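# Tertiary structure, described
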Amino acid sequence: MYFFELMQKDMDVTPDVITFNALIGACSRGAQPDNAMSMLDAMQARGLAPNVITYNVMISACEKSRQPERALELFEDMKRRGLEPDVITFSTMISVCEKGRLGDRAIELFDEMQACGLTPDIITFNSLISACEKGRQPERALQLYESACAKGRMPEKALQLFECMEERGLVPNVITCNALISAFDKGGQAENALRTFEDMERRGIAPDVVTYNALISALAKGRRAAVALEHFAEMQQRGIAPDAVTYCAVISACERGQLPEKALEHFDAMVERGLAPEPSTAALLVGMCVREGRPADAVRAFEAALRCGLLPDAALRATAAGAYERLGQPEAAQKVLSGKQAPPSSSSRSWRARPDGAAFAEKKQALRAAGR
């Protein structure tokens, strides 16, 4: 305040919005909300319109002095003036509500923030989880954590939030662990996904199909085919039925682990269960067969996917057409390229003729040794 008065009387300086924002920020850092409000009044008295930064530092002053009602008034006034709150505004407001034990209002602000298309940061989530915990809403905190992990590809944020919840005494459940494994899957961190899975088992948290789907997908991306297949077998031993997502992840693991026979075997089982493959899985399988010099298997996989209702895109049709060409079926290739379903293949060999168990065991052992 002294500097402001000196600037006006002795320095003959006319303050602008930037000057007032700096002065209000100084009051905020000094936990002087009344002086900050006086600066805001003086600013407007000079005909200067406050901007987003002005309101952010004002709300921050209210947060430090634990004045949630005044902060809420400023937030509403900001919106009435047509100013759009940013991530800093919402994060500070959520922190204000957390300190004021206004858990429901904090959740409303979080929902409003997402509706505005803004991405919460770790500070936002930490404040929000704390607000839920203080408001005796631990289930809501876990739901928000799951939502945070599901959006975006930031496994580090997910892990920080997980640790934050544990520090606050929030006990993780299968949904929490699934969210963390899914975050590691999206972030391409297979080893962290596997460690989280092992940790949840040590805690006595029973995995479900969602757990295994995320884990197998992460292992597939990490080229850990043998380990992915072990967990696929394990889930069935536990009586957990694989779904279409599971099979797609297993087939991807087999393709990346150079196990074409196993990929075809699991595709066969998937179709027999009446589960439809994703377009990306069909494309991966057909492309793998073509690369391996197995056009007949490529055609069978393509036709089976069509019978499941798959609508192939131009790239998949071109790959499948190449397989028909290799089998000496140019007319079928043309029908595929034109978007018409190809007739059933007349090739004789079935992919059920597979290597014996010993041969596969040897390959699996080699994959393990290579860390795949």
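Residues numbered from 1 in each chain as written. Predicted model: local features only at pLDDT ≥ 70, side-chain atom pairs only at ≥ 80, totals over all residues. Heavy atoms only, no water.

What follows is about helix α13 (residues 209–221). The end-to-end C-alpha distance of α13, which contains 13 residues, comes to 18 Å, matching closely the 18 Å that a straight helix rising 1.5 Å per residue would cover. α13 sits mainly inside the fold: 10 of its 13 residues count as buried. Among the residues of α13, T211, Y212, N213, A214, L215, I216, S217, A218, L219 and A220 are the ones counted as buried. In the core, the buried residues of α13 are packed alongside α11 (174–186), α12 (190–202), α14 (225–237) and α15 (244–256). (Helix = DSSP H or I, 4+ residues; strand = E, 2+ residues; numbered from the N terminus. Expected span 1.5 Å × (residues − 1). Buried < 20%, exposed > 50% of the residue type's maximum accessible area, 1.4 Å probe, protein only. Contact = heavy atoms within 4.5 Å.)

Let's shift gears to the side chain of N21. By the element assignment, N21 lies in helix α2 (residues 17–29). Ignoring any residue separated from it by four or fewer positions in sequence, one finds N21 in contact with M43, N51, I53, T54 and V57.

A few words now on the nonpolar core. Grouped together as the largest cluster of nonpolar side chains are 59 residues, with contacts concentrated most on I181, L215, I216, F267, L285, F302 and Y324. Among all residues touching I216, those that are not within four sequence positions of it are A228, H231, F232, M235, T246, A249 and V250. (Core = buried A, V, L, I, M, F, W, Y, C linked by side-chain atoms within 4.5 Å.)

So, about the UniProt feature "repeat: PPR" (unreviewed entry) in the protein. According to UniProt, the feature "repeat: PPR" (unreviewed entry) maps to residues 16–50, 51–85, 86–120, 121–155, 173–207, 208–242 and 243–277 in the numbering used here. Spanning residues 51–85, this segment combines 74% helix with 0% strand, and its end C-alpha atoms are found 10 Å apart. Secondary structure content for residues 86–120 is 74% helix and 0% strand, while the C-alpha to C-alpha distance between its ends is 10 Å. (UniProt positions renumbered as here; feature names shortened; annotations may be inferred.)

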